[in-house]
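Coordinate inspection notes
Here is how the chains run, residue by residue.
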Amino acid sequence: MEDRHAYFMKKALGMAFSRMGTTSPNPAVGAVIVKNGEIISLGGTCACGSDHAEVDAIKNAAAPLDGAELYVTLEPCCHYGKTPPCTRAIIEAGILRVYIPILDPNPSVAGEGAACLRDAGVDVVMMTEMEHYASSLIRPFKKSILERAPFVIHKTALSLDGRIATSSGDSKWISSAHARYFVHRLRAVVDAIIVGKNTLAADNPSLTVRLDSFSGDVKRYFAERDFDLRGHDNFFVHCLLKADEPACTVSPCRIVLGIPDDLEKKYAIFADGNYIMFADESKKDACRTHPSYDRIKKLESSGNIVFVKGATVRERVDATLGELNRRGMMCVLLEGGGVAAGTFLDAGQIDHFLYVISPRIIGRGVPPIMAAGAATVRESLALHDVSTVMINDDLLYSAYREPYGAAQGKG
């Protein structure tokens, strides 16, 4: 039977997940306040510049908090930023004890919040047994802090023989409606979706969150099923499968690698201004001959087209991610296609591989990653923290570049 501390911390972790996609560049954190063994308040990180989870929970409490206990998914901050330190709010509220599963990954901060609370007489309990749950939610913030770049999830649907499209380019639909619904749940918690210009031209995707487009039968499947997650006990994947559907979702920013040859085409991503196209700075002069050069200049001035510098693929990918980081994006979803995925793999910038494997055999077709590749198996990228779960007849495979406890850094 699960003990009460694990129960309360999982409630806090659920609150943290519910705020993912809305808090960047701040981490999504959850908080639960308990008094006399009962939950009296819940809180989660609000939009950047507003309340952190601890303060949100304190404000939501209807009862006095003296002697209460706080379960929070990340070490409380102890410095002034856009908001006052959470440690001060905790101390002033009279909270007796704080349970934390993980310290702040920022090396200049880690441990200081806990020390501040202890110095003020607040009992701090490190729940290390819950660290890997909290870590699965905090990976994007960790990379953002340590590398000044967004965390990149490569999502793709592929056949059992490793194809994302037929030789003619057809890819609709390799996976089931159930798996596609899962993907839209994933889209709802990221800051941006990335595709290459070839995918844009071929598929004209909208790259939006469309949870309402799925049938009641598909949604009931997720609501009623007890998913058997095998391997690494990944709380992030668990929440993608089982958390409540967001009541309201804002679609992430759409990112295109390259400028389409036909920029005047009515692409779906142009429905609003929430998109960015990235292009190689060295090819900027060549854009003068582009039939839509005047529009390119206009979109550059508005920030919808960004030219990045870099002599190598890695430098250009790093520059692209650096720009997204400067715009406050912390977690991005790389969706298509094989060329774009290969570019990011060669640059060492795919952090999470989330693949839906369908029971289909396509034969000659398009592979999911068109990268330079390894010369030997020994040189290939070995992944960590592997989880698998069946979604209808599809297999969801999740794995990470780095194990959860490793320091970020690609070297």
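The notes below deal with the structure included here.

**Section: the overall build of the chain**
Along its length, the chain carries twelve helices and 17 strands. The C-alpha atoms of the chain give a radius of gyration of 22 Å, which matches the 22 Å a tight globule of 411 residues would have. Reported as C-alpha extents along the three principal axes, the dimensions of the chain are approximately 70 × 45 × 45 Å. Here the chain holds 411 residues, and 52% of them are scored as buried. Look at the contacts in the chain between residues 6 or more apart in sequence, and 74% of them connect residues 24 or more apart. Within the chain, one finds 46 positive and 49 negative side-chain charges whose respective centroids are separated by 5 Å.

**Concerning the sheet that holds strand β2 (residues 38-44)**
Taken in spatial order, the five strands of this open sheet run β2-β1-β3-β4-β5, and their pairing is mixed. Edge positions in the sheet fall to β2 and β5 (123-126), since each has one partner strand and no second. Adjacent strand axes in the sheet meet at a mean angle of 20 degrees, parallel and antiparallel pairs treated alike. Across the sheet, helix α1 (residues 4-18) lies against β1 (30-35), β2, β3 (69-72) and β4 (97-100), angled at about 140 degrees from β1, the strand it touches most. Contacts from helix α2 (residues 53-60) reach β1, β2 and β3, with the element oriented near 130 degrees to β2.

**Some points on the environment of Ala61**
As for its position among the elements, Ala61 is in the loop between α2 and β3. Looking at Ala61, the relative accessible area reads 18%, which means it is buried. In this structure, the C-alpha to C-alpha distance between Ala61 and Ile39, residues 22 residues apart in sequence, is 9.7 Å. Not counting chain neighbours up to four residues away, the residues in contact with Ala61 comprise Ile40 and Ser41.

**Focus on the pairing of strand β14 (residues 352-358)**
Counting buried positions over the seven residues of β14 gives six, a clear majority of the element. Of the pairings in the sheet, the one linking strand β6 (residues 151-159) to β14 comprises seven bridges and is parallel in character. Directly across from Leu158, in β14, lies its bridge partner Ile357. Both β14 and strand β17 (residues 394-400) contribute to a ladder of six bridges, which runs antiparallel. Note on β17: the bridge partner recorded for Ile357 is Leu395.

**Quick word on the packing of α2 against helix α3 (residues 86-93)**
Relative to each other, α2 and α3 sit at 30 degrees, their axes nearing to 8 Å. When the axis of α2 is compared with that of α3, the two are roughly parallel. For the element pair α2 and α3, the recorded crossing hand is left-handed. The segment α2 lies against α3, with Glu54, Val55 and Ile58 engaging Cys86, Ala89, Ile90 and Ala93.

**Topic: the pairing of β17**
Among the seven residues in β17, five count as buried, and that is most of the element. Across six bridges, strand β16 (residues 384-391) lies against β17 in antiparallel orientation. Residue pairing in the sheet places Thr388 in a bridge with Tyr397 of β17.

**Some remarks on the pattern of salt bridges**
As enumerated under the stated definition, the model contains 22 salt bridges in all. A salt bridge links Lys155 to Glu335; its shortest N-O distance comes to 3.9 Å. Here the residue Lys155 occupies a position in strand β6, and Glu335 occupies one in strand β13 (residues 331-336), the gap between them amounting to 180 residues. Each member of the pair Lys155 and Glu335 is classed as buried. Bridged by salt links that share partners, the residues Arg4, Glu69, Arg97 and Asp123 form one connected network.

**Quick word on the nonpolar core**
Core analysis: the biggest nonpolar cluster contains 96 residues, and Val98, Ile153, Phe222 and Phe236 have the highest contact counts within it. Sequence-distant contacts of Phe222, defined by excluding residues within four places in its chain, comprise His178, Tyr181, Phe182, Phe227, Leu241, Lys242 and Ile391. Counting 25 residues, the second largest nonpolar core, distinct from the first, contains Ile194, Phe278, Leu321 and Phe353.

**A word on the environment of Gly338**
As for its placement among the helices and strands, Gly338 is situated in helix α12 (residues 338-346). For the pair Gly338 and Leu321, spaced 17 residues apart in sequence, the C-alpha separation works out to 19 Å. When sequence neighbours within four positions are dropped, the list of residues in contact with Gly338 reads Ile164, Pro367, Pro368, Ile369 and Met370.

**Thoughts on the sheet that holds β17**
Taking strand neighbours across the sheet as the criterion, the ten strands line up as β9-β16-β17-β14-β6-β13-β8-β10-β11-β12 in an open arrangement whose pairing is mixed. At either end of the open sheet lies a strand with only one pairing partner, and these are β9 (230-231) and β12 (305-308). Sheet strands touched by helix α6 (residues 177-187): β6, β8 (192-196), β13, β14, β16 and β17. Its angle to β13, the strand with the most contacts, is close to 145 degrees. Lying over the sheet, α12 contacts β6, β8, β10 (253-257), β13 and β14, oriented at roughly 135 degrees with respect to β13.

**What to know about the packing of aromatic side chains**
Under the definition given, this model contains 13 aromatic pairs. Centroid distance Tyr221 to Phe227: 5.9 Å. Interplanar angle 75 degrees. Geometry classified as edge-to-face. Residue Phe227 is classed as buried on the basis of its relative accessible area of 11%. Ring geometry for Tyr267 and Phe270: centres 5.7 Å apart, planes at 85 degrees, overall edge-to-face. Summarising the burial analysis for this pair, Tyr267 and Phe270 share the class buried. Ring pairs connect the aromatic residues Tyr181, Phe214, Tyr221, Phe222 and Phe227, which therefore count as one cluster. Sitting over the face of the ring of Trp173, Lys172 holds its NZ or CZ atom 5.4 Å from the ring centroid.

Cut-offs applied
Residues numbered from 1 in each chain as written. Predicted model: local features only at pLDDT ≥ 70, side-chain atom pairs only at ≥ 80, totals over all residues. Heavy atoms only, no water. Helix = DSSP H or I, 4+ residues; strand = E, 2+ residues; numbered from the N terminus. Rg over C-alpha atoms; globule rule 2.2 N^0.38 Å. Buried < 20%, exposed > 50% of the residue type's maximum accessible area, 1.4 Å probe, protein only. Contact = heavy atoms within 4.5 Å. Lys, Arg positive; Asp, Glu negative; His and termini not counted. Charge placed at Lys NZ, Arg CZ, Asp CG, Glu CD. Pairing = 2+ DSSP bridges. Axes fitted to C-alpha atoms, helices over the stretch in contact; angles between N-to-C directions. Parallel < 35°, antiparallel > 145°, perpendicular 65-115°, else oblique. Left-handed = near helix turned anticlockwise from the far one by under 90°. Salt bridge = Lys/Arg side-chain N within 4 Å of Asp/Glu carboxyl O. Core = buried A, V, L, I, M, F, W, Y, C linked by side-chain atoms within 4.5 Å. Phe/Tyr/Trp six-rings, centres within 6.5 Å; stacked < 30°, edge-to-face > 60°. Lys NZ or Arg CZ within 6 Å of the ring centre and 35° of its normal.

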